[in-house]
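Structural description and commentary
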Amino acid sequence: MRHLLDITDLSVEEIEELTRMAEDIAEHPQKYAESCRGKKLITLFFEPSTRTRMSFEAAMWELGGSVISCTDMSTSSVIKGETLADTMRVVANYADIVAMRHPYEGAAYVASLKSPVPVINAGDGGHCHPTQTLADLLTVHRELGTFDGLTVGLCGDLKYGRTVHSLINAMLRYKDVKFVLIAPEELKLPEYELDALKRAGAAYEEVRDLESAIPSLDVLYMTRVQRERFDDAAVYERVKDCYVLTKEKLSAAKQKMIVMHPLPRVNEISSDVDDDPRAAYFRQTMNGKLMRMALILKLLKEKDGAQPAGGKAWFVGGRCTNRKCITRLEKLPPLYTEENGVKKCAYCEAHENVRDKNEGK
Ligand code: NCD
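Throughout what follows, the structure given in this document is the object of discussion.

**As for the overall build of the chain**
Tallying secondary structure elements over the chain gives 12 helices and 11 strands in all. Sequence-distant contacts in the chain: of pairs separated by 6 or more residues, those separated by 24 or more amount to 70%. As displayed, the chain has an accessible area near 16400 Å², and 49% of this comes from carbon and sulfur atoms.

Now the structure itself:
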């Protein structure tokens, strides 16, 4: 069973494939509107979320599937002491795919061990957040057109910021990317992430000052100081407002630099930056939905060993739209072949134009 626990579970080629699909979804949403008909997504969130959960849910609805949402796990049997493994075994009976967020690191991995359906890690403590990284990568791709040769500044809570960890692991696979790690002593990147940078031979520097770093950057990735992860409230109080990006500071940046943020922001980007064309953080949230749509399609396709509709609306929900096709009578894996650019059902040989002929019959 294929899961997405860590961004490196996806190869660079697969990320490219997802990026292409997300862009196609953005251009031709109708083609995908029935792709997941009959499929269910469960969102199992043990931690607060706005964007991630809603974008997963919007993604599944827009693919024609449905959603079962558990937003407050204190109302579930977890409160009675049920283990994650047991919870997963049960919920997998009700869904085809699960997106899970949990405050403990490695929780998604544990859930995946017993899960007969794909598990997507929607954030595990301060560890990683691979689908935010998919959103981030699509944003960089759409805004700057490349990953290679970029200087990426990561600013704020590099210690507990899981989105930063996943983004670094993704970006260090591209050519000549340089990382500028902007953080105070208390919030520096953990050792295991520095090791990943060293192993990859990536260029990086650790600095304290945002202003002097800005002019060299192509991407400035701001982050929230993760109050909920601090053991010592006094440390949080000391560092909580260590960086605030303002319009004035942004004036020293390249004209083409983009400002990103996984959101929610607290004080780290002042609202006078929002109208600057370089502020990409609200566009980033739309990209999150598109990449989650592409990911759900990919994982379900691999799970069913079938080809979800993807590029062709006539194969709705992975089924041939010819109502007389044997796949309508018996449960068979949908298959199609392609000849001279025309796709045909491998069973009944209906080609894409058959959709209109059979409509309403
Ligand atoms: C991030 C997260 O949950 O890690 N938010 C998100 O998913 N968009 C960042 C944060 O909470 O600061």
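Back to the write-up after that little detour.
**Considerations on the packing of aromatic side chains**
Counting across every chain of the model gives 4 aromatic pairs. Taken together through their ring pairs, the aromatic side chains of Tyr160, Phe230 and Tyr236 make up a single cluster. Between the NZ or CZ atom of Arg292 and the centre of the ring of Phe56, over which it lies, the distance is 5.0 Å.

**With respect to the site of the ligand**
The environment of the ligand is made up of Arg51, Thr52, Arg101, His129, Gln132, Arg162, Thr163, Arg224, Gln226, Pro262, Leu263 and Pro264. Take Gln132: an N or O atom from its side chain is 3.2 Å from a nitrogen atom of the ligand. In this structure, a nitrogen atom belonging to the ligand sits 2.9 Å away from a main-chain N or O atom of Pro262. Alone, the ligand offers 310 Å² of accessible surface; in the complex the protein occludes 94% of this. By residue class, the composition of the shell around the ligand is 3 nonpolar, 5 polar and 4 charged. Per-domain counts for the shell around the ligand show at least three residues from each of domain 1 (7-129 + 286-301) and domain 2 (132-282).

**A closer look at the packing of helix α6 (residues 162-171) against helix α7 (residues 191-199)**
Relative to each other, α6 and α7 sit at 10 degrees, their axes nearing to 10 Å. Our classification of the angle between α6 and α7 gives roughly parallel. Across from His165, Ile168 and Asn169 in α6, the residues of α7 making contact are Tyr192, Glu193, Ala196 and Leu197.

**Description of α7**
Of the residues making up α7, those classed as buried are Glu193, Leu194, Ala196 and Leu197. For α7, the arc enclosing every buried residue in end-on projection is 155 degrees, short of the 170-degree limit, so these residues lie on one face. Exposed side chains of α7 directed beyond 90 degrees from the buried face belong to Glu191 and Arg199. Against the buried residues of α7 lie α6, β6 (178-182) and β7 (203-207). Backbone geometry just downstream of α7 places Gly201 in the positive-phi region, at approximately 70 degrees.

**Looking at the nonpolar core**
Among the nonpolar cores identified, the biggest contains 67 residues, and Leu134, Leu154, Ile168, Met171, Phe179, Leu181 and Leu197 are the most heavily contacted of them. Among the elements that make up this core, the one with the highest residue count is helix α11 (residues 281-304) (9 residues). Split by domain, the residues of this core number at least three in each of domain 1 (7-129 + 286-301) and domain 2 (132-282). Beyond its immediate stretch of four places on either side in the chain, Ile168 contacts Leu154, Phe179, Leu181, Leu189, Glu193 and Leu197. Among the nonpolar cores identified, the runner-up in size contains 20 residues, and Ile214, Leu217, Leu220 and Ala279 belong to it.

**A look at α6**
With 10 of its 10 residues buried, α6 lies for the most part within the structure. Burial in α6 covers these residues: Arg162, Thr163, Val164, His165, Ser166, Leu167, Ile168, Asn169, Ala170 and Met171.

**Re the side chain of Glu47**
Checked against the element boundaries, Glu47 lands in the loop between β1 (40-45) and α2 (51-62). The class of Glu47 is buried, set by a relative accessible area of 9%. In terms of polar contacts, Glu47 uses its side chain to reach the side chain of Arg162, at 3.1 Å. A polar side-chain atom of Glu47 sits 2.9 Å from a polar atom in the side chain of Arg229.

**What to know about unusual backbone geometry**
Note on backbone geometry: most residues besides glycine have negative phi, and most peptide bonds are trans. At the junction of Leu263 and Pro264, the peptide bond is cis and its omega measures out at 5 degrees in the coordinates. Within the secondary structure layout, Pro264 lies in the loop between β9 (258-260) and α11. Phi is positive for Asp176, which is not a glycine, with a value near 55 degrees. With respect to the element layout, Asp176 can be found in the loop between α6 and β6. What makes Asp176 exposed here is its relative accessible area of 60%. Tracing the sequence through the fold places Leu263 in the loop between β9 and α11. Leu263 gets classed as buried once you look at its relative accessible area, which sits at 12%.

What counts and what doesn't
Residues numbered from 1 in each chain as written. Predicted model: local features only at pLDDT ≥ 70, side-chain atom pairs only at ≥ 80, totals over all residues. Heavy atoms only, no water. Helix = DSSP H or I, 4+ residues; strand = E, 2+ residues; numbered from the N terminus. Contact = heavy atoms within 4.5 Å. Areas by Shrake-Rupley, 256 points an atom, 1.4 Å probe, with all protein chains shown as cover. Phe/Tyr/Trp six-rings, centres within 6.5 Å; stacked < 30°, edge-to-face > 60°. Lys NZ or Arg CZ within 6 Å of the ring centre and 35° of its normal. Near = heavy atom within 4 Å. Polar contact = N/O pair within 3.5 Å; in protein donor to acceptor, adjacent residues only side chain to side chain. Nonpolar A, V, L, I, M, F, W, Y, C, P; charged D, E, K, R; others polar. Domains from an automatic or database assignment. Axes fitted to C-alpha atoms, helices over the stretch in contact; angles between N-to-C directions. Parallel < 35°, antiparallel > 145°, perpendicular 65-115°, else oblique. Buried < 20%, exposed > 50% of the residue type's maximum accessible area, 1.4 Å probe, protein only. Arc of directions from axis to C-beta. Core = buried A, V, L, I, M, F, W, Y, C linked by side-chain atoms within 4.5 Å.

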